[in-house]
Number of protein chains: 2
Amino acid sequence: MPYRSPVTDYTFLLNHVVGYDSVCATETFAEAGADMVEAILTEAGRMCDEVMAPLQRVGDLHPARLENGVLRSSPGFADGWKAISEGGWVGMSGDPAYGGMGLPMAVTTAVNEMMSGACLSLQLAPLMSQGQIEALAHHASDAIKDLYLPKLISGEWSGTMNLTEPQAGSDVGALRSKAEPNGDGSYAITGQKIYISWGDNDFTTNVCHLVLARLPDGVPGTKGISLFLVPKYIPDENGEPGRANDLKVVSLEHKMGLHGSPTCVMQYEGATGWLVGPEHGGMAAMFTMMNNARLGVGGQGIGVAEGALQHALAYALERRQGTSLHGYSIAAHADVRRMLMTMKAEVFAARAIALACAVAIDMEKATGEEYWAKRAAFLTPIAKAFGTDTGVEVSNMGIQVHGGMGFIEETGAAQYARDVRVTTIYEGTNGIQAMDLVARKMMDGGEIAFRLLDEIEANAEQARGTHKELAEAVWQATETLREGTEWLVAQTDMDDRFAGAVPFLRAFARVLGAHFHLKAAMAEPGSPRETLARFYIDRMLPEHAALLTHAQSGSAGLYAMNLDDLAA
Amino acid sequence: MPYRSPVTDYTFLLNHVVGYDSVCATETFAEAGADMVEAILTEAGRMCDEVMAPLQRVGDLHPARLENGVLRSSPGFADGWKAISEGGWVGMSGDPAYGGMGLPMAVTTAVNEMMSGACLSLQLAPLMSQGQIEALAHHASDAIKDLYLPKLISGEWSGTMNLTEPQAGSDVGALRSKAEPNGDGSYAITGQKIYISWGDNDFTTNVCHLVLARLPDGVPGTKGISLFLVPKYIPDENGEPGRANDLKVVSLEHKMGLHGSPTCVMQYEGATGWLVGPEHGGMAAMFTMMNNARLGVGGQGIGVAEGALQHALAYALERRQGTSLHGYSIAAHADVRRMLMTMKAEVFAARAIALACAVAIDMEKATGEEYWAKRAAFLTPIAKAFGTDTGVEVSNMGIQVHGGMGFIEETGAAQYARDVRVTTIYEGTNGIQAMDLVARKMMDGGEIAFRLLDEIEANAEQARGTHKELAEAVWQATETLREGTEWLVAQTDMDDRFAGAVPFLRAFARVLGAHFHLKAAMAEPGSPRETLARFYIDRMLPEHAALLTHAQSGSAGLYAMNLDDLAA
């Protein structure tokens with residue numbers, strides 16, 4: 001049951017659903033036309049299918065290990081990294097001036113997704129590098145960019161993000177790591193960081209850590225945090241890895257899944273680092289990296305969902321149990337068919353949302369218009385949370401399709417669910433994403449939200465001629481979502497927004513998903529895409545109403561229960 | 001963060017919500033009054049908290065092993081089994097004539113749940129014995145009952161269920177195991193069985209297998225299947241374990257969770273067995289065992305959900321991140337509070353449904369009335385599917401409450417989710433449960449379903465005086481469910497029922513849950529139970545409408561997509 005990267009799904013979505021034509025109509029991305037994108041995705045897909053997919057199970061069975069302080073990655077992962085970096089997939093969206101391909105995020109998002117479906121634990125390595133490349137490109141000095149970017153983009157070196165400390169998880173501002181000026185323009189970094197994905201490896205010649213720490217005059221909280229670049233080996237005068245820096249991997253976590261990806265506890269003991277961005281301006285630089293990574297993590301969820309869907313489909317088409325008028329395999333049974341179609345419809349919706357977010361990022365870059373920046377910022381938490389929730393739910397359904405075999409590790413169905421489970425947590429839990437959506441991303445009074453709703457309704461109006469029932473259902477749901485949005489932005493007590501943030505985000509994703517399914521049906525009337533759209537709109541979209549009722553329930557009902565009674 | 005068995009929740013539910021007063025008003029269960037039940041649950045709870053809970057993690061870290069064909073259970077499990085059997089908890093509901101306590105299933109269900117929350121992998125052992133005790137009590141000859149029941153009930157011996165074969169999972173009728181008469185009243189059983197939970201152990205002196213097999217004149221399909229009792233050691237003339245039977249454990253499965261419970265591949269090579277029930281009557285006997293086990297498995301899901309809830313609560317009350325007006329721990333944050341209350345409200349609903357099902361079983365036994373039998377049969381698939389779905393969802397939410405720590409195995413949050421995952425699959429997948437509900441259990445034209453709806457509405461009417469809004473919401477939801485039920489029973493093409501079976505079952509559970517929450521609010525007005533009921537009815541009940549829309553969508557939309565397009 002080999003994994004096949006779903007290249008045609010991406011090209012269909014880009015060309016007909018998420019407005020990629022606007023991206024390649026810009027001067028910035030003029031070279032990334034439809035044919036070029038198809039060729040690129042095909043090439044990336046081949047690498048995913050042939051090189052990465054066979055490593056998925058290997059990483060689970062032979063986790064990364066720490067031997068006397070030296071990290072040993074899973075067998076074959078070094079070759080996998082080599083294929084990824086030689087293909088240019090680490091630096092896909094990197095600036096061509098530093099060796100990148102300068103491709104739109106829409107394309108990068110698709111490739112990242114394909115890599116995630118093939119082997120999530122290895123894909124996390126280039127994803128971390130991409131976040132670092134993005135952060136350095138926006139915030140680092142020219143000297144740092146000239147030295148680091150070419151090597152990060154080529155994959156000769158790799159990058160990591162060091163945010164979390166034991167007492168500072170979702171509350172980044174509580175961090176205690178310190179940075180003291182060395183007097184030569186560098187800083188001495190001291191502290192412990194946890195949950196550092198790919199904090200070390202045995203296949204790049206250097207590992208570059210972006211570390212959040214506080215300068216001596218940094219105020220408490222997030223406003224006193226600065227960002228530092230701290231390499232494992234300090235570059236010598238030729239820019240080659242020199243003496244070992246004062247940092248080490250203390251231990252690796254024993255996790256539920258993602259065994260091929262080492263999750264490190266890092267200790268910095270006066271390690272030499274260089275400031276990225278202004279003093280005390282670390283949060284802004286970190287958000288550049290985080291926003292990039294959040295969309296990337298959303299793509300991880302979707303990629304794993306695709307992998308789990310293909311895996312379950314292959315099993316269901318082969319396995320025979322009982323009889324049905326509709327065929328010999330269990331895929332002929334109505335309930336198994338329901339599960340498979342749910343998985344497929346959900347992957348489509350989540351993928352379209354992620355690509356639409358990427359398109360907004362590309363349009364922002366190409367046009368500089370604030371609207372696109374705000375649209376991208378609004379869609380990012382939705383893409384992250386809905387993409388990763390989809391990963392968890394679809395992989396869970398994949399286990400169910402397998403019946404008893406789903407619980408047996410040998411089949412690989414369980415690994416998808418175990419691996420993807422962390423994605424709803426890292427880069428900001430999905431609760432944090434939802435809070436970001438209803439607070440920071442709607443401080444504009446919901447302007448971007450309403451503009452999206454207008455766009456959905458305008459499209460539904462246009463669909464009425466050919467897809468009357470589907471269009472009406474989407475239009476009605478959007479009106480209900482509009483009412484919910486109006487209620488939400490009217491709440492001045494943030495706890496009332498937060499109480500319903502998660503169901504609100506999910507309702508928004510449900511309606512966006514219906515919108516994109518409708519566009520797919522309009523693009524290919526009478527096709528299987530229309531059948532899938534009808535399935536989604538008839539059976540899955542109705543959930544939005546209950547979610548919005550929940551979203552508008554306020555916080556009083558939560559705090560009416562005191563903690564002692566909750567624990568009683 | 002030690003596990004505490006929720007004894008007061010059970011006594012509250014039994015005394016005020018699920019009608020247990022009718023059970024102990026019968027002659028059969030006259031001795032099991034409220035005070036006696038509380039004493040029994042307290043005693044069982046102590047054993048769960050002190051003996052079983054410490055074994056939960058041990059079983060995960062030190063799985064059962066097979067050494068040269070000999071099964072080695074996890075360290076401490078032998079002592080755990082000893083405590084369970086010496087407490088009388090294996091044979092709680094067993095006939096006192098054979099050494100059982102003769103307790104109602106309502107009490108047994110509560111104890112089974114508590115044991116599941118403490119250590120699921122060990123609890124599966126007595127649960128399997130209970131199913132066998134039930135099957136033998138109903139279907140075996142007096143000779144078999146006299147020989148086996150006392151030893152099974154005392155826990156000296158244990159029991160297993162052998163249904164599945166590689167090609168015969170959900171489709172039991174496809175099994176190939178053979179039984180040939182030996183001419184002395186015994187039979188020679190030959191075949192391979194898979195997924196045999198606790199197929200062997202090192203703490204009972206015999207292991208008794210109930211094996212489905214086909215006699216030489218058995219027709220193909222389920223009508224040609226017979227049930228046999230096949231002990232590991234053949235009892236000698238004194239009823240003590242004698243020569244080893246011709247059966248063996250071939251291998252153990254490597255599973256996603258439940259590592260403390262050995263899942264065996266069993267090989268029977270002309271093993272000696274005895275018929276239980278009539279020739280070719282194996283399915284009826286199996287269903288006795290299965291129905292018992294289905295409610296038991298529902299209880300496993302609920303027990304694990306309770307364990308995961310307590311575990312997440314303890315973490316949330318201790319962990320500090322960020323600030324809130326409502327307290328210092330993360331439990332003060334609205335979104336964490338939402339998760340914890342969702343978990344608690346869902347556990348209550350699932351628990352009430354399981355206990356109501358057990359009450360119906362007890363009333364059937366005590367009164368012999370067909371109504372109670374049908375009610376129990378109707379509630380069993382709901383209790384199984386909703387209880388185990390709750391186990392999966394609540395344990396998954398428990399991981400989320402832990403944030404990054406949820407993905408680290410050390411905390412134990414992930415183990416709940418890994419262990420419980422199989423419960424939606426074994427003893428009939430939840431899809432099979434839903435199909436059973438909408439087909440076999442509604443062949444009466446929905447008589448029992450409508451009677452339940454009448455009961456819910458009558459209670460809501462009664463609640464209008466004190467709980468106007470809650471009562472109205474429950475009443476309205478019941479009307480919507482009534483319409484959905486009417487639609488369902490009107491469908492003559494079973495695929496149209498099956499297409500919406502899972503959402504229908506879930507909608508029914510949602511409304512039943514609301515009914516029981518309302519009863520709790522009525523029993524203790526103004527209490528935290530009312531706060532929880534309001535949370536559930538305001539925020540979780542609304543889901544029923546979307547589920548019912550889905551349930552009534554029919555099969556045409558599923559089969560409009562052909563398999564090639566699904567796999568494309």
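Thresholds, definitions, all that
- Residues numbered from 1 in each chain as written.
- Chains lettered and ligands numbered in written order.
- Predicted model: local features only at pLDDT ≥ 70, side-chain atom pairs only at ≥ 80, totals over all residues.
- Heavy atoms only, no water.
- UniProt positions renumbered as here; feature names shortened; annotations may be inferred.
- Helix = DSSP H or I, 4+ residues; strand = E, 2+ residues; numbered from the N terminus.
- Axes fitted to C-alpha atoms, helices over the stretch in contact; angles between N-to-C directions.
- Parallel < 35°, antiparallel > 145°, perpendicular 65-115°, else oblique.
- Contact = heavy atoms within 4.5 Å.
- Nonpolar A, V, L, I, M, F, W, Y, C, P; charged D, E, K, R; others polar.
- Expected span 1.5 Å × (residues − 1).
- Buried < 20%, exposed > 50% of the residue type's maximum accessible area, 1.4 Å probe, protein only.
- Least-squares fit on C-alpha atoms with pLDDT ≥ 70 in both.
- Salt bridge = Lys/Arg side-chain N within 4 Å of Asp/Glu carboxyl O.
- Buried area = accessible area lost by both parts, 1.4 Å probe.
- Polar contact = N/O pair within 3.5 Å; in protein donor to acceptor, adjacent residues only side chain to side chain.
- Left-handed = near helix turned anticlockwise from the far one by under 90°.
- pLDDT = per-residue confidence, 0-100.

## Looking at the UniProt feature "domain: Acyl-CoA dehydrogenase/oxidase N-terminal" (unreviewed entry) in chain A
The residues that UniProt annotates with the feature "domain: Acyl-CoA dehydrogenase/oxidase N-terminal" (unreviewed entry) are residues 78–156 of chain A. For residues 78–156 of chain A, the helix share is 71%, the strand share is 0%, and the end-to-end C-alpha distance is 12 Å.

## Details of the packing of helix 11 (residues 370–401) of chain A against helix 14 (residues 447–463) of chain A
Residue and element names in this part refer to chain A. The interhelical angle for the contact between helix 11 and helix 14, taken along N-to-C directions, is 90 degrees, at an axis separation of 10 Å. When the interaxial angle is binned, helix 11 and helix 14 end up roughly perpendicular. For the pair helix 11 and helix 14, the contacting residues are Tyr 371, Lys 374, Arg 375, Phe 378 and Leu 379 in the first and Glu 447, Ile 448, Ala 449, Arg 451, Leu 452 and Glu 455 in the second. A class-by-class count of the residues in the contact of helix 11 with helix 14 yields six nonpolar, no polar and five charged.

## Some details on the UniProt feature "domain: Acetyl-CoA dehydrogenase-like C-terminal" (unreviewed entry) in chain A
Following the UniProt record, one finds the feature "domain: Acetyl-CoA dehydrogenase-like C-terminal" (unreviewed entry) at residues 452–561 of chain A. Taken as a whole, residues 452–561 of chain A contains 82% helix and 0% strand, while its terminal C-alpha atoms sit 36 Å from one another.

## Details of the side chain of Ser 186 of chain A
Relative to the helices and strands, Ser 186 of chain A resides in the loop between strand 4 (178–181) and strand 5 (187–197). If we ignore the near neighbours within four places in the chain, the residues touching Ser 186 of chain A are Glu 180, Pro 181, Thr 272, Gly 273 and Trp 274 of chain A.

## Brief notes about helix 10 (residues 334–367) of chain A
Residues and elements named next belong to chain A. Over its 34 residues, helix 10 runs 48 Å from end to end, which matches the ideal 50 Å to within 8%, given 1.5 Å per residue. Within helix 10, 29 of the 34 residues are buried, which leaves it mostly tucked inside the rest of the structure. Backbone geometry just downstream of helix 10 places Gly 368 in the positive-phi region, at approximately 70 degrees.

## A word on the relation of the copies chain B and chain A
The operation relating chain B to chain A is a screw motion whose rotation component is 180 degrees, with 0.0 Å of axial translation and a residual RMSD of 0.0 Å. Those values place the two copies in the arrangement expected of a two-fold rotation axis. A share of 100% of the interface residues of chain B reappears at the interface of chain A, consistent with the copies meeting face to face through the same patch.

## Some words on the pattern of salt bridges
Residue and element names in this part refer to chain A. Scanning all chains against the criterion turns up 66 salt bridges over all chains. Between Asp 142 and Lys 145 there is a salt bridge; the shortest N-O distance is 3.9 Å. Taken as a pair, Asp 142 and Lys 145 lie in helix 8 (residues 142–154) at a separation of three residues, close to a single helical turn. Residues joined by salt bridges that share partners form a network here, namely Asp 9, Glu 113, Glu 306, Arg 351, Glu 524 and Arg 529.

## Here's the deal with the interface of chain B and chain A
The interface of chain B with chain A comprises 82 residues on the first partner and 83 residues on the second. Between chain B and chain A the total buried area reaches about 7300 Å² when both faces are included, carbon and sulfur atoms providing 62% of it. Taken together, chain B and chain A are joined by zero salt bridges. Here chain B and chain A share 44 residue pairs in polar contact (both at pLDDT 80 or more) between them. Top contributing element to the side of chain B that touches chain A by residue count: helix 10 (residues 334–367) of chain B, with seven residues. Tallied by class, residues from the side of chain B that touches chain A come to 39 nonpolar, 25 polar and 18 charged.

## Some thoughts on the packing of helix 14 (residues 447–463) of chain B against helix 15 (residues 468–490) of chain B
All names here are of chain B. Their axes nearest at 8 Å, the elements helix 14 and helix 15 cross at an angle of 165 degrees. Taken together, the axis directions place helix 14 and helix 15 in an arrangement best described as roughly antiparallel. In this structure, helix 14 meets helix 15 at a crossing whose hand is left-handed. Taken together, the residues of helix 15 that come into contact with helix 14 (itself represented by Ala 449, Phe 450, Leu 453, Asp 454, Ile 456, Glu 457, Ala 460, Glu 461 and Ala 463) are Lys 468, Ala 471, Val 474, Trp 475, Thr 478, Glu 479, Leu 481, Arg 482, Thr 485 and Glu 486. Looking at side-chain class alone, the contact of helix 14 with helix 15 contains ten nonpolar, two polar and seven charged residues.

## Section: the confidence of the model for chain A
Mean pLDDT for chain A: 97, with 100% of residues reaching 70 or above. Confidence estimates for the predicted assembly give a pTM of 0.98 and an ipTM of 0.98.

## Quick word on the environment of Thr 288 of chain A
Residue and element names in this part refer to chain A. Position of Thr 288 among the secondary structure elements: in helix 9 (residues 282–318). Judged by its relative accessible area of 18%, Thr 288 falls in the buried class. In the structure, Thr 288 is positioned 152 residues away from Leu 136 in sequence and 9.3 Å away in space, judged by C-alpha atoms. Apart from the residues lying within four places of it in its own chain, the contact partners of Thr 288 are Glu 134, Ala 135, His 138 and His 139.

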